[in-house]
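Results of the structural survey
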Amino acid sequence: MDVNQTIVKVLEDFGVQYVFGGSGQVNASMLLALRDSKKIKTIIIRNEQAASFMACGYTMFNPNHLGVCFATGGPGAFNLFSGMAVALSDSLPVLAITGYTSMSQRGKGALNESTGLSRTPDSHAMFAATTKKSYILERPEDTCDILEDAINTAFEGRPGPVHIHIPKDVTTAEVTNYRPIQFKVKEVCPEESALKHAATVLGDAICQHKKVLALIGYGCVRSEASAELKQLIENYQIPFVQTMDAKGLLPENHPLCLGMYGTSGDKAANTYFEQAEVVLAMGNSFAQNATFSFKPDLYQGKQLIHINIDPAEINKVYPADVPVVSDVKPALKGLLRLLEEQQIVQPQVPVLPTGRYYDEPVHQDAPRIFPGDIVRLLSDNLPENAIVMGDAGSHMLWLSSYLKLAKNQRYQNPGSFGPMASHTNGCIGVKCANPDKVVIAGVGDGCYQMAGFELMTAVQYNIPVIWVIFNNSEFNIIKKFLLNMYNDEAYMQFDNPDFVRYAEACGAKGYRVEKLDEFVPALQDAIARNKPCIIDVLVDSEVYPPFSLGKV
């Protein structure tokens, strides 16, 4: 086998079923190896940036999946950087493979050269800055060793992206020492002393009838800890809130659920947080939208128990009274064991505040469709196990605030790095990893026009994603920032194409929704078709999502 074939063989053996990438001179020979694979389906995209976002989507709700994207050297490789930054920020195990200049041509200004020599860009330095580790595969006999180290690095500890450069002259060199790679990642488990401290503090608080709150973050999704979370909150009657990235992990119609917490959070969630005396934060990085822009005194007067897989997250934003470095699932298993040993008497059922965006009345007097009303209808008509992706912008906030997920459904926004168009394309990777689930991307018209040409990719490979476009012809949330700060705004409006005709030109189905009662029939028809679809919804541009607005 040559290097290309070896890489494909290793990916097959690891269980990778989809890879996403673009063609180019430096990596062209790899396409032949992928074509001959009987286990991997290759998705060739319109722009390599989309490939990186799709690789993120492929692992986003599937913690054991390795997202894989590839590109030619130089400009193709540079198009992957946004996705690598998302994977690094959001703890996603992604492998990027890119071409590189042959040794004999380096420093001579070869086509697509990015070695950093003779005034060429330095892609190795750039990938090293946006991944956990970047490699250059210089010798074919190192292929299995580098792949083994890269894949283990992607999954070990806090997951994240890795990258491999493969010089053009190495790709077709023979690998004479092929071996199956060893996956050696160990679960990150808590120290018993830290766990006992957490159990003592939590148990005492429950026994003393203190107001305890469980704050559920995206780390709980990656840890697949829903069963342990449910057992903890029900055994000890602990009210819970979920961050924007963890919506739906536990059903939001649960009697102990207070909704979403943060700058766009439900009134009930934010009110109870203020009253809480002990906060059990699990899988949280305390992102800006979950901390009211890092409010300094947010945890003043509270005891904070913080469980996180990454020791760098502990005390990064708020000092933890009880730090526990661990993956969430083993930490919760240990907590449940230790709390049971305390033989806590029947916990007191808490009195909870009310106030959820989902429960607001319909806005009948809106001149155009009120975005929250569309989101509520989406909630009511989502199939079981469905996944909703919210791209960056005001629509993301409408979705996170007004969605009510109760049937093992999931929601995800673009995370802390937060590039526009990431989920416009990432949803294709999500659907590839979850072919039996309905996948819907809620996107802005601005987001969609940045990257909507990947609709052609979805049509070509018959990947049935539904894009719901919030069409208000402006950058709505940025406009509100400017109005709040300066009582003025500029360059916020833009023209949109006819999205229905665009969808049809691409071979997809398009719908236009101008009245609220037109949405559900369009959604139901799109789901039933099981084909790529666009639902273009005309929403009011003079309303703004729930948000603690201030300086950017």
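Now for a look at the structure at hand. Computed from a predicted model, the values in this text were never measured in an experiment.

Here we take up the overall build of the chain. Each helix and strand in the chain was counted, giving 20 helices and 18 strands. Here the C-alpha atoms of the chain give a radius of gyration of 24 Å, agreeing with the 24 Å that 2.2 N^0.38 yields for 552 residues. Referenced to the eigenvectors of the C-alpha coordinate spread, the extents of the chain come out at roughly 70 × 60 × 45 Å. Long-range contacts, defined as pairs at least 24 residues apart, comprise 75% of the intrachain contacts of the chain with a sequence gap of at least 6.

For the rest of this paragraph, the subject is the packing of aromatic side chains. This structure, assessed with the given rule, holds 22 aromatic pairs. Ring geometry for F78 versus F81: centroids 5.1 Å apart, planes at 65°, classification edge-to-face. By relative accessible area, which is 12% here, F81 ends up buried. Ring plane angle 45° and centroid distance 4.5 Å describe the contact between F81 and F127, whose orientation is recorded as tilted. Pair noted here: F81 is in helix 5 (residues 81-90) and F127 is in helix 6 (residues 123-130), with a separation of 46 residues, a long-range link.

Now for the sheet that holds strand 3 (residues 67-71). Here we have six strands laid out as an open sheet, ordered 2-1-3-4-6-5, and parallel in their pairing. Here the strands that pair on one side only, and so sit at the sheet edges, are strand 2 (41-44) and strand 5 (133-136). Ignoring which end each strand starts from, the neighbouring axes of this sheet average 20° apart. Note that strand 5 and strand 6 (residues 162-167) share four bridges and pair parallel. When the sheet's bridge partners are listed, S134 is paired in strand 6 with H163.

Taking 1.5 Å of rise per residue, the 12 residues of helix 15 (residues 422-433) would be expected to cover 16 Å, and the 17 Å separating its terminal C-alpha atoms lies within 8% of that figure. Counting buried positions along helix 15 gives 12 out of 12 residues, so the element sits mostly inside the fold. Here helix 15 has its buried residues at S422, H423, T424, N425, G426, C427, I428, G429, V430, K431, C432 and A433.

Turning our eyes to something else, we now look at the packing of helix 1 (residues 3-14) against helix 7 (residues 143-155). Two elements in contact, helix 1 and helix 7, have axes separated by 10 Å at closest approach and are oriented at 40°. Considering the angle they form, helix 1 stands oblique to helix 7. The chirality of how helix 1 crosses helix 7 is right-handed. From helix 1, V3, T6, I7, V10 and F14 reach across to helix 7, where they touch T143, C144, L147, I151 and F155. Here the contact of helix 1 with helix 7 is built from residues that sort into eight nonpolar, two polar and no charged.

Basis of the calculations
- Residues numbered from 1 in each chain as written.
- Predicted model: local features only at pLDDT ≥ 70, side-chain atom pairs only at ≥ 80, totals over all residues.
- Heavy atoms only, no water.
- Helix = DSSP H or I, 4+ residues; strand = E, 2+ residues; numbered from the N terminus.
- Rg over C-alpha atoms; globule rule 2.2 N^0.38 Å.
- Contact = heavy atoms within 4.5 Å.
- Phe/Tyr/Trp six-rings, centres within 6.5 Å; stacked < 30°, edge-to-face > 60°.
- Buried < 20%, exposed > 50% of the residue type's maximum accessible area, 1.4 Å probe, protein only.
- Pairing = 2+ DSSP bridges.
- Axes fitted to C-alpha atoms, helices over the stretch in contact; angles between N-to-C directions.
- Expected span 1.5 Å × (residues − 1).
- Parallel < 35°, antiparallel > 145°, perpendicular 65-115°, else oblique.
- Left-handed = near helix turned anticlockwise from the far one by under 90°.
- Nonpolar A, V, L, I, M, F, W, Y, C, P; charged D, E, K, R; others polar.

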